[in-house]
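Examining the three-dimensional arrangement
This is what each chain is made of:
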Amino acid sequence: MSAFRHSLLGRLLADPMALFAMVIIAALVIMALLADVIAPHDPGAMNLADRFAPPSATYWMGTDNLGRDTFSRLLQGGRIALYVALTAVTISGLIGLVLGMLAGFGPRWLDNALLFFFDALRAYPTIILALALAALMPRGLSTVIIVVVITSFAEYGRVVRTQTLSLKNSEFILAERAMGASFGRIVFHHILPNVLGPFFILAAMNLPVVITIEAGMSFLGIGVPPGTPSWGATLKDGFDYIRNTPWILLSGGLPLILATLGFTFLGEALRDQLDPRLRKTR
Amino acid sequence: MSDALKVADLSVHYATREGALQALRDVSITVPEGQIVGVVGESGCGKSTLINALLQLLPENATIPAGRITLQGEDVTRANARRLRQMRGQEISVVFQDPMTALNPVLSIGRQMRDIQYRQPGRRAEKDRRSAEMLARVGIPDPVGKLAAYPHELSGGMRQRVAIAMAALMRPRVLIADEPTTALDATLEVQIIELLKDLQKEIGCAILFISHHLGVIAELCDRVVVMYAGVAVEEGPVADVFLRPGHPYTIKLIECDPGRLKEKVADLPAIPGSLPDLTDPPPGCIFQGRCDRATEICATPPPRRVQHPGHWAACHHAKPEGT
């Protein structure tokens, strides 16, 4: 029991904020995974007789302009949001981790070149870049993921580089080298674990950002193909008919807010727990 | 008795924008098997450069224009990277000055100590047992429990004990102690010195003890080398050097030891002036700019005047033996 209480999960569960975040995330994940089972209606099925139906026992969150069930579409949207967020964060995180450590460990010219590259990418506004890329590439989830990866890996790269640089010159690394540790050993056993803490926190904090980018792109009509039930697309539908049916807009925004809050709280709780220096007691 | 570590006429230069900074010039230090040799000098005298040179961990802009470093008969300046890694930690290891930063903050003590033994055969439990034994040896209570602890959970004195345990874990032939007591308070200082003495007897390693603290050197070491601005100015048995210092710098250094003061003073004694510019050191004696006794002859390289058997001072004005 006490071993569990001292494990990362145990400590997270003891933090009310983290517990709240994990409950939200778990609910979102379960709903996304079981979307086909839970959904009361086919998310794509149009029922023109029931256009703009208000929330009721049949349509829990009402229907849209084509008579499609909003709740069923939101469940599908959760899948899209989580898929895009996890894929994009994993890919951009890995690229950033490798490039950041290269910059931190490599010769000065490589460091300068990579930094210039990171800064150039970070200087580019996400939505403008998304618009430009969307003009060149077919609409679809992979375009969304590519846009997110291009705009966000530089952030991981910078954080990892800074961490690596400060660690590289720290006394305990000198001590390790004095103890005969090889280069690989220093990189993988000593630098990497020290870099991973801030890295995971950044990744957790970036998940909601990616979800909003996907929603934003879909809202602008450059994200998912038309008809795909992404949260952003649902929001857009609701926005178009805001005078007739405010509930579409409200129910499209709700999961977005919940997902953002959940991942942000989790990221903050992780930051508090993963850094052993910030831990209160063991 | 053979020499565990022998530094012969070692020079180390750093390439800087102003030219070559001569951090070490013709330094010779011999650490016989099983003895404790102290190196004393103020900040900037080249102590850290010396340690990094011994470990061959000098920064990229450093060059070794002359000299040899022999560790148990093997020239480390010619060893390849692979052989150097074998030597480090196994034959020569270091205890660093600041125990707060010398341990990896995110790995447990046990994990770090297991890592040091990575070349050793044996299972994890076996390595942990060796680690716990060494922790117990350096006086850490509950050594098995401490293997799971992280560095931030230990006090400064405990961390320094852990760092010493790590350095001694592989039973090196030469242990370098880089001001291991500077960051600790006085009572801990005494304990750590006693611990080093005991360990030295037990493992039989030679210790190169680097400090600016004369009292600690007097307490612990057999011989002492006095360094000033990258030059060894005096060397001899500890008692002899401290009782009958030959070099004006050593004399000043001993006069400036706050431990000698009998009553409260407004200003602590100091040596007037500052270190010479090491990119363009003066010809002859390195200390002439701050020396009371300096005369024209000091512009020529000072001879090593033997003061007593095994005790010399590099000064024109040092009185030779018997006078």
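1. Quick notes on the overall build of chain B
Broken down by element type, chain B carries 10 helices and 12 strands. Taking 323 residues into account, the globule formula puts the C-alpha radius of gyration at 20 Å, and chain B, at 21 Å, falls close to it. Along the first, second and third principal axes, the C-alpha set of chain B runs to 65 × 50 × 40 Å. Looking at chain B as a whole, 45% of its 323 residues qualify as buried. Expressed as a percentage of contacts within chain B between residues at least 6 apart in sequence, the contacts between residues at least 24 apart total 63%.

2. Things to note about the interface of chain B and chain A
Between chain B and chain A, the contact holds 23 residues from the first and 17 residues from the second. Of all the elements in the fold, those that place two or more residues in the side of chain B that touches chain A are α2 (81–87), β6 (92–95) and α3 (109–116) of chain B. When its residues are assigned to classes, the side of chain B that touches chain A shows 12 nonpolar, 7 polar and 4 charged.

3. Structural notes on the sheet that holds strand β9 (residues 223–228) of chain B
Residue and element names in this part refer to chain B. Sheet architecture is open: 8 strands sit in the order β6-β7-β8-β3-β9-β10-β12-β11, paired in mixed fashion. Two strands close off the open sheet at either side, each with one partner strand: β6 and β11 (304–308). In this sheet, adjacent strand axes meet at a mean angle of 20° when their direction is disregarded. Pairing of strand β3 (residues 36–40) with strand β8 (residues 206–211), which is carried by 5 bridges, proceeds in the parallel orientation. When the sheet's bridge partners are listed, Val40 is paired in β8 with Ser211.

4. Quick notes on the sheet that holds strand β2 (residues 19–32) of chain B
Residue and element names in this part refer to chain B. Within the open sheet, the 4 strands sit side by side as β2-β1-β4-β5. Their pairing is antiparallel. Pairing within the sheet leaves two strands with one partner each, and these edge strands are β2 and β5 (74–75). Here strand β1 (residues 3–16) runs beside strand β4 (residues 62–71); their pairing, made up of 7 bridges, is antiparallel. Across the sheet, residue Lys6 finds its bridge partner in β4, namely Thr70. Along the sheet, helix α1 (residues 47–55) makes contact with β1, β2 and β4, crossing β2 at roughly 70°.

5. Some remarks on unusual backbone geometry
All names here are of chain B. Within the chain, Asp26 stands out as a residue other than glycine whose phi angle is a positive 50°. Inspection of the secondary structure puts Asp26 in strand β2. Despite not being glycine, Gln72 has its phi angle at roughly 50°, a positive value. By the secondary structure assignment, Gln72 is in the loop between β4 and β5.

6. Quick look at helix α4 (residues 124–137) of chain B
Residues and elements named next belong to chain B. Here α4 contains 14 residues, and its C-alpha end-to-end distance of 20 Å stays within 8% of the 20 Å for a straight helix at 1.5 Å per residue. Along α4, the positions that sit buried rather than exposed are Lys127, Ser131, Ala132, Met134 and Leu135. All buried residues of α4 project into a common sector of 160° when viewed along the axis, lining one side.

7. Points about the confidence of the model for chain B
Per-residue confidence for chain B gives a mean pLDDT of 88; residues scoring 70 or more make up 98%. Predicted as a complex, the structure gets a pTM of 0.76 and an ipTM equal to 0.75.

8. Observations concerning the packing of α3(B) against helix α6 (residues 156–169) of chain B
Packed helix pairs are specified by the crossing angle of their axes together with the interaxial distance, meaning the distance between the axes. Residues and elements named next belong to chain B. Interhelical geometry of α3 versus α6 gives an angle of 20° and a closest axis separation of 9 Å. Classified by the interaxial angle, the pair formed by α3 and α6 is roughly parallel. Helix-helix and strand crossings are classified by hand; for α3 and α6 the assignment is right-handed. Across from Ile109, Gln112, Met113 and Ile116 in α3, the residues of α6 making contact are Val162, Met166 and Leu169. Split by residue class, the contact of α3 with α6 holds 6 nonpolar, 1 polar and no charged.

9. Description of the environment of Val210(A)
Here Val210(A) is to be found in helix α10 (residues 183–220). Those residues in contact with Val210(A) that lie beyond four places of it in its chain are Val84(A), Ala85(A), Ala88(A), Val89(A) and Val148(A).

10. Some points on the pairing of strand β12 (residues 311–314) of chain B
Residues and elements named next belong to chain B. Covered by surrounding structure in β12 are His311 and Ala313 together with Trp312 and Ala314, the residues of both alternating faces. Bridging between strand β10 (residues 231–237) and β12 involves 2 bridges; their strand directions are antiparallel. Directly across from Glu234, in β12, lies its bridge partner Ala313. Pairing analysis gives 4 bridges linking β11 to β12, with the strands arranged antiparallel. Its bridge partner being in β12, Val306 is matched across the sheet by Trp312.

11. Points about the packing of helix α5 (residues 70–105) of chain A against α10(A)
Residues and elements named next belong to chain A. It is at 9 Å that the axes of α5 and α10 come closest, and there the two elements cross at 135°. Taken together, the axis directions place α5 and α10 in an arrangement best described as oblique. Considering only the axes of α5 and α10, their crossing is right-handed. Counted together, Ala81, Val84, Ala85, Ala88, Val89, Gly93 and Leu97 of α5 and Phe199, Ala203, Asn206, Leu207, Val210, Ile211 and Glu214 of α10 form the full contact between these two elements.

Conventions we followed
- Residues numbered from 1 in each chain as written.
- Chains lettered and ligands numbered in written order.
- Predicted model: local features only at pLDDT ≥ 70, side-chain atom pairs only at ≥ 80, totals over all residues.
- Helix = DSSP H or I, 4+ residues; strand = E, 2+ residues; numbered from the N terminus.
- Rg over C-alpha atoms; globule rule 2.2 N^0.38 Å.
- Buried ≥ 20, exposed ≤ 12 C-beta atoms within 10 Å, placed from the backbone.
- Contact = placed C-beta atoms within 7 Å.
- Nonpolar A, V, L, I, M, F, W, Y, C, P; charged D, E, K, R; others polar.
- Pairing = 2+ DSSP bridges.
- Axes fitted to C-alpha atoms, helices over the stretch in contact; angles between N-to-C directions.
- Expected span 1.5 Å × (residues − 1).
- Arc of directions from axis to C-beta.
- pLDDT = per-residue confidence, 0-100.
- Parallel < 35°, antiparallel > 145°, perpendicular 65-115°, else oblique.
- Left-handed = near helix turned anticlockwise from the far one by under 90°.

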